Amino acid sequence: DVKVTQSSRYLVKRTGEKVFLECVQDMDHENMFWYRQDPGLGLRLIYFSYDVKMKEKGDIPEGYSVSREKKERFSLILESASTNQTSMYLCASQAPNQPQHFGDGTRLSIL
Amino acid sequence: DQQVKQNSPSLSVQEGRISILNCDYTNSMFDYFLWYKKYPAEGPTFLISISSIKDKNEDGRFTVFLNKSAKHLSLHIVPSQPGDSAVYFCAASDQGNDMRFGAGTRLTVKP
């Protein structure tokens with residue numbers, strides 16, 4: 001069974017801090033994704049990666065960056081956290097042309 | 001610009017009756033459609049999918065219908081059970097890779 005693990009379930013940070021959200025998958029999937037989920041907006045794609053050291057912008061990349069140094073790990077970075085980045089963050093991995101598998105999410109609060 | 005829309009934020013049905021969740025999309029390049037189910041404090045889990053070469057796919061109590069000309073899909077759950085109470089997300093992709101999600105519909109099945 002595919003397991004996608006997000007390092008924190010809940011995180012509280014302050015405005016201006018640099019924030020790292022980590023995601024690890026154990027199925028050797030090429031594709032990995034970061035979404036944020038907000039009420040009434042569903043899941044919006046921030047960044048995705050189809051291979052190590054490869055990254056592509058999603059629909060809302062502003063204020064975020066990502067890192068994929070190893071196939072199993074995909075990190076989301078908030079360079080300077082702002083209150084409008086308070087959200088639920090979801091990581092997913094995927095074998096090509098298969099459904100995505102999601103982690104349990106990180107609820108991030110920026111104060 | 002939401003390419004996938006779920007216009008009903010919530011739906012309430014009686015146990016044993018049919019639940020019908022609807023989804024519309026705008027991108028005619030989408031050829032792979034999925035439904036995900038999400039419980040509170042968990043990540044979305046894959047429920048059922050359909051490719052654009054089909055108009056119906058069934059898996060137990062769950063059936064997805066696709067109307068390509070109307071750019072519309074629906075999920076039927078019959079009979080509905082209290083354990084089906086969750087948020088349901090519709091998703092669509094072009095060639096099975098990065099996906100676009102709807103805003104979700106919260107289904108409540110009353111005993």
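Preceding this section is the structure that the text describes.
(A) Representation of the sheet that holds strand β6 (residues 56-59) of chain B. Residue and element names in this part refer to chain B. Strand order in this open sheet of five strands is β1-β3-β8-β7-β6, and the pairing throughout is antiparallel. The strands lining the two open edges of the sheet, one partner per strand, are β1 (4-5) and β6. In this structure, β1 lies alongside strand β3 (residues 19-25), joined through two bridges in antiparallel fashion. Across the sheet, residue Lys5 finds its bridge partner in β3, namely Asp24.

(B) Representation of the pattern of salt bridges. In this structure the tally under the stated criterion is 11 salt bridges over all chains. Between Arg100 of chain B and Asp59 of chain A there is a salt bridge; the shortest N-O distance is 2.9 Å. Linking Arg100 of chain B in strand β10 (residues 99-101) with Asp59 of chain A in the loop between β7 (56-57) and β8 (64-70), this pair reaches from one chain into another. A network of salt bridges, in which partner residues are shared, links Arg36, Asp38 and Arg44 of chain A.

(C) Quick look at unusual backbone geometry. Put simply, Val78 of chain B and Pro79 of chain B share a cis peptide bond, and its omega is -10 degrees. Its location among the elements puts Pro79 of chain B in the loop between β8 (72-77) and β9 (86-93). Even without glycine at this site, Asn97 of chain A takes up a positive phi of about 65 degrees. Residue position: Asn97 of chain A is located in the loop between β10 (87-94) and β11 (101-102). Within the chain, Lys71 of chain B stands out as a residue other than glycine whose phi angle is a positive 50 degrees. Locating Lys71 of chain B in the fold gives a position in the loop between β7 (62-67) and β8. For Lys71 of chain B, a relative accessible area of 27% corresponds to the partly exposed category.

Conventions adopted
Every chain's residues receive numbers from 1 upward, in the order its sequence appears when written. Chains carry letters and ligands carry numbers; both start at the beginning, A for chains and 1 for ligands, and go up in the order they are written. Note on the predicted model: pLDDT of at least 70 is required for a residue's local features to be given, and 80 or more for side-chain atom pairs to be given and counted; whole-chain, interface and lining totals, by contrast, use all residues. The side-chain figures draw on all heavy atoms in the structure; neither hydrogens nor water molecules are used. When DSSP locates at least two bridges between a pair of strands, those strands are taken to pair. Strands here mean DSSP runs of E at least two residues long; helices mean DSSP runs of H or I at least four residues long; both are numbered from the N terminus. Each reported salt bridge corresponds to a side-chain nitrogen of Lys or Arg within 4 Å of a carboxyl oxygen of Asp or Glu. Categorising residues by exposure relies on relative accessible area from a 1.4 Å probe, with only protein chains included: less than 20% of the type maximum marks a residue as buried, more than 50% marks it as exposed, and the intermediate range marks it as partly exposed.

Distances and angles like these do not, on their own, reveal function.
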